[in-house]
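Chain by chain, the residues run as shown.
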4 protein chains.
Amino acid sequence: MAGNSFGHIFRLTSFGESHGVAIGGIIDGCPAGLEINQTFIQAELSRRKPGQSNISSPRKEDDAVEFVSGIFEGKTLGTPIAFMIKNADQKSGDYSKLKDVYRPSHADFVYEKKYGIRDHRGGGRSSARETIARVVAGAIAKLYLMQYGVQINAFVKQIGTVKLIGEHTAFDIKMAESNIVRCPDKDIAQQMIAHIEKLRDEGDTCGGIIQCVIENTPIGLGEPVFDKLHAELGKAMLSINAVKGFEIGNGFDSVIYKGSQLNDEFEQKDGKVTTRTNHSGGIQGGISNGMPIYFNVAFKPVASIKKPQTTINNAGEKTEIQIEGRHDPCVVPRAVPIVESMAAMVIMDHFLLQKVNSK
Amino acid sequence: MAGNSFGHIFRLTSFGESHGVAIGGIIDGCPAGLEINQTFIQAELSRRKPGQSNISSPRKEDDAVEFVSGIFEGKTLGTPIAFMIKNADQKSGDYSKLKDVYRPSHADFVYEKKYGIRDHRGGGRSSARETIARVVAGAIAKLYLMQYGVQINAFVKQIGTVKLIGEHTAFDIKMAESNIVRCPDKDIAQQMIAHIEKLRDEGDTCGGIIQCVIENTPIGLGEPVFDKLHAELGKAMLSINAVKGFEIGNGFDSVIYKGSQLNDEFEQKDGKVTTRTNHSGGIQGGISNGMPIYFNVAFKPVASIKKPQTTINNAGEKTEIQIEGRHDPCVVPRAVPIVESMAAMVIMDHFLLQKVNSK
Amino acid sequence: MAGNSFGHIFRLTSFGESHGVAIGGIIDGCPAGLEINQTFIQAELSRRKPGQSNISSPRKEDDAVEFVSGIFEGKTLGTPIAFMIKNADQKSGDYSKLKDVYRPSHADFVYEKKYGIRDHRGGGRSSARETIARVVAGAIAKLYLMQYGVQINAFVKQIGTVKLIGEHTAFDIKMAESNIVRCPDKDIAQQMIAHIEKLRDEGDTCGGIIQCVIENTPIGLGEPVFDKLHAELGKAMLSINAVKGFEIGNGFDSVIYKGSQLNDEFEQKDGKVTTRTNHSGGIQGGISNGMPIYFNVAFKPVASIKKPQTTINNAGEKTEIQIEGRHDPCVVPRAVPIVESMAAMVIMDHFLLQKVNSK
Amino acid sequence: MAGNSFGHIFRLTSFGESHGVAIGGIIDGCPAGLEINQTFIQAELSRRKPGQSNISSPRKEDDAVEFVSGIFEGKTLGTPIAFMIKNADQKSGDYSKLKDVYRPSHADFVYEKKYGIRDHRGGGRSSARETIARVVAGAIAKLYLMQYGVQINAFVKQIGTVKLIGEHTAFDIKMAESNIVRCPDKDIAQQMIAHIEKLRDEGDTCGGIIQCVIENTPIGLGEPVFDKLHAELGKAMLSINAVKGFEIGNGFDSVIYKGSQLNDEFEQKDGKVTTRTNHSGGIQGGISNGMPIYFNVAFKPVASIKKPQTTINNAGEKTEIQIEGRHDPCVVPRAVPIVESMAAMVIMDHFLLQKVNSK
């Protein structure tokens, strides 16, 4: 109820403040007997971690995950999987001047009003450092789903005004991992990097759009009425820090088309039902139809800018601040594994739920 | 778990198929002692019901709600509120030819694969007729929230390519109810209506965008990390039939701005903390900050078009269909009260949750 | 959260006040394709209904169930199953004198304090009439479990001081249905009936113990740590009106034995693992081991006695009352199908949950 | 859903295997601003820990709790409270011979069948060592409830056949902590200790009954219909290892009384409503009435006896075993703080839930 758990069957409960002892979580409901490939999990964490390139935060963290329970001789036991990632590079001192100040577009003000108390160091619980727990759970969900051939890949589609045009089928998504901005098109990637570097040098920040594609999902995932698969994916994405929008399939664009242009006609090929087009984005009536699921996630610019800003403190007094600390000029590239992780958790959860309907 | 319940504390469980006996639900968790203004609830249902204008479905339904429990001498008891709306105009015959056919971009195919059985009449459970239950629960949530001055108003911002430009603060939202398309600008409304009528006459359909504005929300609603207020609103909206996208505040647009342009600086006026701008859309770190909450919801065109379409039947054979029945050329105007209802349910639910944090 | 729902996957949400329009519920999570034998369900309701014998309440109710959704051509659709039983014989007049009075050992006082409002007619929501919804859901669970050979039978083991001695394996439980008190031993049954009649004539009431036996449960049902199968059964039983105690297997008696006397040693017979004794009651570590599950449920005497009692009214004034109305001198025989129903719901729920663990 | 979480609002998710790295949990939903008295929490853990007397297991554990998140400058933040207790004295070697054997009345067999894999060392997840997490969460719940004057005290009422006769009001419950068996009567305590020592020396074990008394509970806690306060307490207790029975108020005894003997008549004294007797045990209709809540919990003898036993191994072969290891001859005295902890969690959870109903 307090919002720190995600999932119905495969369920992550996460914990941790940015400058506390550790970030971690408990995964309950993971089926027994799953082989836990720790190298894979650590590699996923490395895709998310700060300091991985010159366009990300220089905060230094190993982000090494320790599993504390639920795994025995390399396999899951069916019992809760608890894990922890220690917070190494806690420069809390950077934050002491911000103790009483409400940083613009940060959660400082609302946390203080909601709880009457807050950990001001690095945003406390509201820090995106919390997403580490999501990547661990997401990596485990990926390991589970791989057994069934489900593929989940995200990439950066837009940074500021630099945009990759075209449908996901037009490029090789896997190429996204070949550059630091995680865009599958090398040239656009260069432009994106240049854009981020320019803003970084200005002490400013920018946002972007991530597209995620899920292939080989079984037909029938998603629960009507309120737990439609894209509603669950939408909530998952909107719960990630800095996300402001979500659209499935044609999304906002579908508004300008006619029904006759947008309907996906069914056809059967080699005994398999497909649709001629896939404007629906692989989900109809909230349930997966076996076509690729794809959706876009919009990230606003990072709120921590180095430029001076006007705000108030907790006495209501006007004050000018300049945020120091080691912030990302753009979090979007590092958010790619987070988006994939949340997608993996949703798909695995509904995969397990659908077992209940099976004979 | 099967997706027919919504809300943590204030919780609707809905039931009913389009051509079954009735649509209805149970609302659990409504505080005791709330006066139930049935005239208001019925008026909300009338805003949603078919046949209200020449741009909506001609299906004839009184949509009269009957309360079966939970209300005593005009007030809620704190016990479950059960209600029902009978399905009067069930022309199931219209659907008999579609018994074995998968209508394009409908849920026929996925329901059959998921459950191994389906009620083909009017889409069964996947019909938007289910949203009646949401409007009843939403109307009760509105009655509750009114006591605290919370105002929830939605309007049509775009139909096909006809767009209302400008921020919500630029027009009088309440004027939306003065025309059948529910757009606050009279002239744009006329263009929208003309657009819908043209498509209707072609046997085609269109989508649109609804904007919803919530004013006077208390500070502190929303639960980090996974149940951020906008994530909950997003899921609520994405669970509505035909919705393909959701964005809060500046949404997808925030991508093209710099952090320095988008940050909302705090200021204090008359002892009240506000932000100079409201690009965040009234929510920061997932928690309401007291500023107006506003968001956009994208609806795709109705999938039931009168034009001939190619599809397959459940034997995998190619077939051509032409959908008869009484369908809306555009559901967006009728969806305005549905969007408001889902918003009201989310806000009330988090209002009650926040009581737990209070002293 | 407000306590009107039961079950994780197979989930009943019930509604209704004793003297309101109807009692009913929504069952969500019932797998699709289950044949609904309405004759069986109605027969289960008849086992519970008042007026079935001269030792039960003379309230006249048909208790005919109407299904409103979720069933199509005799089978479940996988969508919510809504149902209703109208309240026919509402003699609310009987209660008008009790409007402001707190009946001893009834819920009048606590409901008024909890909610600030109450439906005083027949106890409102606190009436055992609510258990009708449990019997409908339980009957559906039985239909589901029958497919897998699971058998659930309860019987009356004690009424007041009249006791059936011996283990459940010593008698033919099915014989319980051959007499109005539902005790499998004809002679003890006669003594029990005589005991109830005597108290009825005195205007007094009595309680008793029901034993329930579940046979042929698959191995592996129940979830450690908090949702142990017997903890779930215990909660289910303790939620029935007038229940004051629950014990599984040897229960309270196990206290007086040594570990060496009570341990159930495993053995293998014909390739099947069993235990030589079954003091555990078919559950070990919270998980079914394939042996018969058996447990006892203690019911206190009905609180509505015809003898004069002293109490207070809502002004705090002392007053004497004499409860009229059509009350049972002993509810235990009518509670047999309720106990079975709750057991069936728990077993089915965990049966479905266990599918998630399956390959 | 996998059974490792407890509570609606104040919610513990626990983790850990007996011989894994650590036992711990996450508490979500604890209100912000609560002072965390670590000395008190550690003292509660010491009441539970092994090795505290010659009638408990000699396993040596400091059971020192480390808090990892959710606490800042000594107060709760409103964010998840994660904690861990390292497993120090892991003599896993003791268990290697039991790797393939199903110990009688243990969970070895059912875990293997349920999950297809198990951690055989010390029972893995099924070990009562898991209850450490409950004591930490329970201690925090006690700290919260103390602010409102709620008192929760349990004591040993029976060990084997040695029984403390009389109602809880007849003795000074606090005296229970003055002896190692935790019985408030010094003489009976001596008899209990002698009984345990005798069985210990025989290599045998015994069970017992704990009574728990909750005083000063506010009126109105508990949710009808399925989440009655005693049903929640019952489930909480039945989820503790080795518990076989639960009864509230007069419990099983109420069966032999008449309604006229058992009803609790209301009276008003000094403006406060009380009942003349308290056979109901402080709960009516599932809701607290302000009188002391009391209930009994029955524990079976510990299954780990030193005497030789016959059983089978996972190949189905008959085998004789003798359980070594450091087991308690009787866990009942150590279970006293566990019972109190579960009670505290239930009461706090419903205390918070009831805030939702408040104005």
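This text goes with the structure placed above it.
Treat the numbers as computed from the prediction; the structure is a model and nothing was measured.

## Some points on the interface of chain C and chain D
Phase 1 of the analysis: Between chain C and chain D, the contact holds 103 residues from the first and 103 residues from the second.
Phase 2 of the analysis: Carbon and sulfur atoms make up 62% of the area that chain C and chain D hide from each other, which totals about 8,000 Å².
Phase 3 of the analysis: At the junction of chain C with chain D, the criterion picks out 8 salt bridges.
Phase 4 of the analysis: Of the charged contacts, one joins K235 of chain C and D227 of chain D as a salt bridge, the two residues approaching to 2.7 Å between their closest N and O atoms.

## Thoughts on the pairing of strand β10 (residues 208–215) of chain C
Residues and elements named next belong to chain C.
Phase 1 of the analysis: Counted residue by residue, β10 has 7 buried out of 8 residues, so it is predominantly covered.
Phase 2 of the analysis: As defined by bridge partners, strand β8 (residues 151–159) adjoins β10 across 8 bridges and the pair is classed as antiparallel. In the sheet register, F155 faces β10, and the bridge partner there is Q211.
Phase 3 of the analysis: Relative to strand β16 (residues 293–299), β10 runs antiparallel, the two sharing 7 bridges. Looking across to β16, one finds that G208 is bridged to F299.

## Quick word on the pairing of strand β12 (residues 266–269) of chain C
Residues and elements named next belong to chain C.
Phase 1 of the analysis: Relative to strand β13 (residues 272–275), β12 runs antiparallel, the two sharing 4 bridges. Each bridged residue has a counterpart across the sheet, and for K269 the counterpart in β13 is K272.
Phase 2 of the analysis: Linking β12 back to β13 in an antiparallel pair, the connection comprises 2 residues, with D270 at a positive phi of about 50°.

## Description of unusual backbone geometry
All names here are of chain B.
Phase 1 of the analysis: For the bond running from P224 to V225, omega is 10°, close enough to zero to count as cis.
Phase 2 of the analysis: In this structure, V225 sits in the loop between β10 (208–215) and α5 (229–238).
Phase 3 of the analysis: With phi around 65°, R182 is a residue other than glycine that occupies positive phi space.
Phase 4 of the analysis: The residue R182 is located in the loop between β9 (162–163) and α4 (186–202) in this model.
Phase 5 of the analysis: Even without being a glycine, N216 presents a positive backbone phi close to 75°.
Phase 6 of the analysis: Mapped onto the fold, N216 is located in the loop between β10 and α5.
Phase 7 of the analysis: Residue N216 is classed as partly exposed on the basis of its relative accessible area, which comes to 49%.

## Things to note about the relation of the copies chain B and chain A
Phase 1 of the analysis: Between chain B and chain A, the superposition needs a rotation of 180° and an axial shift of 0.0 Å, giving an RMSD of 0.0 Å. In the structure described here, the two chain copies are related by an operation that fits a two-fold rotation axis.
Phase 2 of the analysis: Interface overlap between copies: 100% of the residues of chain B at the interface are likewise at the interface in chain A, consistent with a symmetric, same-surface contact.

## Here we look at helix α1 (residues 38–48) of chain A
Residue and element names in this part refer to chain A.
Phase 1 of the analysis: Where α1 is concerned, the buried positions are F40, I41, E44, L45, R47 and R48. Down the axis of α1, the smallest arc covering the buried residues is 155°, so these residues share one side.
Phase 2 of the analysis: Contacts made by the buried residues of α1 are with β4 (65–67), α3 (131–146) and α7 (332–357).
Phase 3 of the analysis: Put simply, N37 is the residue that caps the front of α1, since its side-chain oxygen is 3.1 Å from the backbone nitrogen of T39.

## What to know about the relation of the copies chain C and chain D
Phase 1 of the analysis: Superposing chain C onto chain D takes a rotation of 180° plus a shift of 0.0 Å along the axis, which leaves an RMSD of 0.0 Å.
Phase 2 of the analysis: Here 100% of the contact residues of chain C are again contact residues in chain D; the copies associate through an equivalent surface.

## What about the pattern of salt bridges?
Phase 1 of the analysis: Within the structure shown, the criterion is met by 100 salt bridges over all chains.
Phase 2 of the analysis: The shortest N-O distance in the salt bridge between K235 of chain D and E232 of chain C comes to 2.7 Å. One end of the pair, K235 of chain D, is in helix α5 (residues 229–238); the other, E232 of chain C, is in helix α5 (residues 229–238), on a second chain.
Phase 3 of the analysis: One salt bridge connects K269 of chain C with E267 of chain C, and the closest N-O pair in it is separated by 3.9 Å.
Phase 4 of the analysis: Taken together, the shared-partner salt bridges in this structure form one network comprising E44, R47, K142, E177, R182 and E340 of chain A.

## A short note on the sheet that holds β4 of chain A
Phase 1 of the analysis: The antiparallel open sheet is built from 5 strands, whose spatial order is β1-β2-β3-β7-β4 (chain A). Whereas interior strands pair on both sides, the edge strands pair on one side only; in this sheet they are β1 (5–6) and β4 of chain A.

## Observations regarding the environment of N153 of chain D
Residue and element names in this part refer to chain D.
Phase 1 of the analysis: Along the chain, N153 turns up in strand β8 (residues 151–159).
Phase 2 of the analysis: Between the C-alpha atom of N153 and that of E44, which follows or precedes it by 109 residues, the distance is 12 Å.
Phase 3 of the analysis: Leave out the neighbours within four places in its chain, and N153 touches I173, K174, Q211, C212, V213 and E340.

Rules of the game
- Residues numbered from 1 in each chain as written.
- Chains lettered and ligands numbered in written order.
- Predicted model: local features only at pLDDT ≥ 70, side-chain atom pairs only at ≥ 80, totals over all residues.
- Heavy atoms only, no water.
- Contact = heavy atoms within 4.5 Å.
- Buried area = accessible area lost by both parts, 1.4 Å probe.
- Salt bridge = Lys/Arg side-chain N within 4 Å of Asp/Glu carboxyl O.
- Buried < 20%, exposed > 50% of the residue type's maximum accessible area, 1.4 Å probe, protein only.
- Helix = DSSP H or I, 4+ residues; strand = E, 2+ residues; numbered from the N terminus.
- Pairing = 2+ DSSP bridges.
- Least-squares fit on C-alpha atoms with pLDDT ≥ 70 in both.
- Arc of directions from axis to C-beta.
- Polar contact = N/O pair within 3.5 Å; in protein donor to acceptor, adjacent residues only side chain to side chain.

Shape descriptors only; they carry no functional weight alone.
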